[in-house]
Amino acid sequence: MIRQTAFGIAMSTIVLVSGFTSSHNSSKNLISKQPIPISSNRVATSTSFKTSELEKSVFEQINQYRAARRLPKLNLDAKISKQARIHSQNMARGKVPFSHKGFEKRVNIIPIRYQSAAENVAFNQGYDNPAAEAVRGWIKSPGHLVNLKGNYNLTGIGVATNQDGEVYLTQIFIRSR
């Protein structure tokens, strides 16, 4: 979306890749491979974000969403967040495409025995609150919503930005054994 502002032209974009789920003992279930464009009227006034604050915001918003639906809150795990953060950093640096590529490897690196795992990723640019925009997009997307509402007890969130003001967000969900 391109929007004229008092300061010139600003662009706001959010793209989501449908949620990815996997059971430890079964084959992958990729709901959709197509990015989902979402538009909004909110335009960022700054492209400088503290990624740790964005990660905390995503965690809090997801748990608020789950609590409002009487689902158990997720526990934030540093080992899971580390892998989510690495994936977001690699996407922000252009080392890997914006996708779920390498998901099973990311999950298997985490030293947690698990029954099932899932992942949501988002990319956005030009928003005042990129964490809230990503969460809103995930909630509106059936594939992502399945993961948000899933039978998981652990999560990890990683956010990375680049010089172009692009924000990459990854959330990994785990159901530990």
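Whatever comes next refers back to the structure up there.
Residues numbered from 1 in each chain as written. Predicted model: local features only at pLDDT ≥ 70, side-chain atom pairs only at ≥ 80, totals over all residues. Heavy atoms only, no water.

A. Focus on the overall build of the chain. The number of helices and strands found in the chain is five helices and nine strands. Element order for the chain, N to C, with α for helix and β for strand: β-β-β-β-β-α-β-α-α-β-α-α-β-β. Looking at the chain residue by residue over its 177 residues, the buried ones come to 52%. Contacts in the chain between residues at least 24 apart in sequence constitute 71% of all its contacts with a sequence separation of at least 6. Total accessible area on the chain stands at roughly 9200 Å², and carbon and sulfur atoms take up 49% of it. (Helix = DSSP H or I, 4+ residues; strand = E, 2+ residues; numbered from the N terminus. Buried < 20%, exposed > 50% of the residue type's maximum accessible area, 1.4 Å probe, protein only. Contact = heavy atoms within 4.5 Å. Areas by Shrake-Rupley, 256 points an atom, 1.4 Å probe, with all protein chains shown as cover.)

B. Examining the layout of surface pockets more closely. By volume, the largest pocket is sized at about 160 Å³. For the largest pocket, the full set of lining residues is Gln83, Ile86, His87, Asn90, Val96, Lys101, Gly102, Lys105, Arg106 and Ile109. Going through the elements one at a time, α2 (78–92) and α3 (103–109) are the ones with two or more residues in the lining of the largest pocket. Residue contributions to the lining of the largest pocket peak at four residues, all from α2. Taken together, the residues of the lining of the largest pocket break down into three nonpolar, four polar and three charged. (1 Å grid on protein atoms, 1.4 Å probe; cavity = no way out; pocket = protein on both sides within 12 Å on 5 of 7 lines; lining within 4 Å. Points joined across faces, edges and corners; volume = space filled by probe spheres on them. Nonpolar A, V, L, I, M, F, W, Y, C, P; charged D, E, K, R; others polar.)

C. Expanded view of the pattern of salt bridges. The final tally for this structure, using the stated rule, is five salt bridges. Arg106 is the salt-bridge partner of Glu119, the closest N and O atoms lying 2.9 Å from each other. Taken as a pair, Glu119 in strand β7 (residues 114–125) and Arg106 in helix α3 lie far apart in primary sequence, 13 residues in all. This pair shows no difference in class: Glu119 is buried, exactly as Arg106 is. Among the ionic pairs, Arg136 bridges to Glu133, the shortest N-O distance being 2.8 Å. (Salt bridge = Lys/Arg side-chain N within 4 Å of Asp/Glu carboxyl O.)

D. Just the pairing of strand β9 (residues 166–176), in detail. Judged by how many residues are buried, β9 sits mostly within the fold: 10 of 11 residues are covered. Note: β7 against β9, 11 bridges, orientation antiparallel. Bridge pairing in β9 places Asn124 opposite Val167. Across eight bridges, strand β8 (residues 154–161) lies against β9 in antiparallel orientation. Pairing of Ala160 across the sheet is with Tyr168, part of β9. Between the antiparallel neighbours β8 and β9 lie four residues, among them Gly165 with a positive phi of about 80 degrees. (Pairing = 2+ DSSP bridges.)

E. Geometry of the packing of aromatic side chains. Counting across every chain of the model gives four aromatic pairs. Between the aromatic rings of Phe123 and Tyr168, the centroid separation amounts to 5.0 Å while the plane-to-plane angle is 50 degrees, which identifies the pairing as tilted. Separated by 45 residues along the polypeptide, Phe123 in strand β7 and Tyr168 in strand β9 bring together distant segments of the chain. Like Tyr168, Phe123 is buried. (Phe/Tyr/Trp six-rings, centres within 6.5 Å; stacked < 30°, edge-to-face > 60°.)

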